[in-house]
Structures are given as structure tokens and as C-alpha cells.
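# Observations on chain architecture
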Amino acid sequence: MEEERTFKLRWLELSPDLFCASVLAEAMNKTSIPSWKRRAVERLGIEIRDGETPSDAWLRAMCGENGIEFTEPVDRDLADVIRENVSCLRFFFALL
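Computed from a predicted model, the values in this text were never measured in an experiment.

### Examining the side chain of Arg90
Note on placement: Arg90 falls in helix H5 (residues 86-95). The buried charged residue Arg90 lacks any salt bridge partner; its closest oppositely charged side chain belongs to Glu13, at an N-O distance of 5.1 Å. What Arg90 contacts, discounting residues up to four positions off in sequence, is Leu14, Ser15, Pro16 and Phe19.

### Section: the confidence of the model for the protein chain
When pLDDT is averaged along the protein chain, the result is 88; 94% of the residues meet or exceed 70. Taken element by element, the protein chain is modelled with least confidence in helix H1 (residues 16-28), mean pLDDT 74, and with most confidence in helix H3 (residues 54-65), mean pLDDT 97.

### Some words on the pattern of salt bridges
A full pass over the atoms with the stated rule returns six salt bridges. A salt bridge links Arg60 to Glu52; its shortest N-O distance comes to 2.8 Å.

### Digging into the nonpolar core
Judged by nonpolar contacts, the single largest core of 26 residues is most densely connected at Ile46, Trp58, Leu78, Ile82 and Phe91. Of all elements in the fold, only helix H2 (35-43), H3, helix H4 (76-84) and H5 reach the threshold of two or more residues within this core. If near-sequence neighbours (up to four positions away) are discounted, Phe91 is found in contact with Trp11, Leu12, Leu14, Ala40, Leu44 and Trp58.

Here is what the cut-offs are and how they apply
Residues numbered from 1 in each chain as written. Predicted model: local features only at pLDDT ≥ 70, side-chain atom pairs only at ≥ 80, totals over all residues. Heavy atoms only, no water. Helix = DSSP H or I, 4+ residues; strand = E, 2+ residues; numbered from the N terminus. Buried < 20%, exposed > 50% of the residue type's maximum accessible area, 1.4 Å probe, protein only. Lys, Arg positive; Asp, Glu negative; His and termini not counted. Salt bridge = Lys/Arg side-chain N within 4 Å of Asp/Glu carboxyl O. Contact = heavy atoms within 4.5 Å. pLDDT = per-residue confidence, 0-100. Core = buried A, V, L, I, M, F, W, Y, C linked by side-chain atoms within 4.5 Å.

In C-alpha cells:
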């Protein structure tokens, strides 16, 4: 029998209204990564490496903090934990 893993994740709370407004604004202007995405990740103390997207930086950090290798696709159990928490999932989608 497999032992259930426990994950600790860190994210910023985004209200549904703010999330929708940011997604809409980005859809209208796809020229660059909005600066708020970088600031959100950096506010969590996560460094964005050269060529890395904010969402990949966050996933890499969450993998590292939970002792698992960052791969694409991300570890299935970690992905499930992200999916199961609406607030965490909203933050991740906002970073995309």
C-alpha cells in the first residue's frame, strides 16, 4: 500500500473579481508577462530564472519545497493537490 504524501503549498489569495479582471486585461494585450505576475511570485520569495515563466517558477519552487523533482508535467500528486484547492488553482491559473 502506497503511503499518502502531504504537500505544503504557498500562494497569494486572489478574489474572483480580481482574477477575472486580470485575465481579461491580459487577453486584450498579449505583448508581455504582466509585471504583477512577477511581483506576485517574488512576493512569495521565489526567484524567476532567466527564460522561466512565473507559473514555472512557482511550480519549481513548490516542487523543491516538497522534496520532489520539478518535471513537466509536474508530479501527479502535486497537481492533484493544486487542483483540489480553488484558491491555489486560481493563483496558478492567474500566473499562466
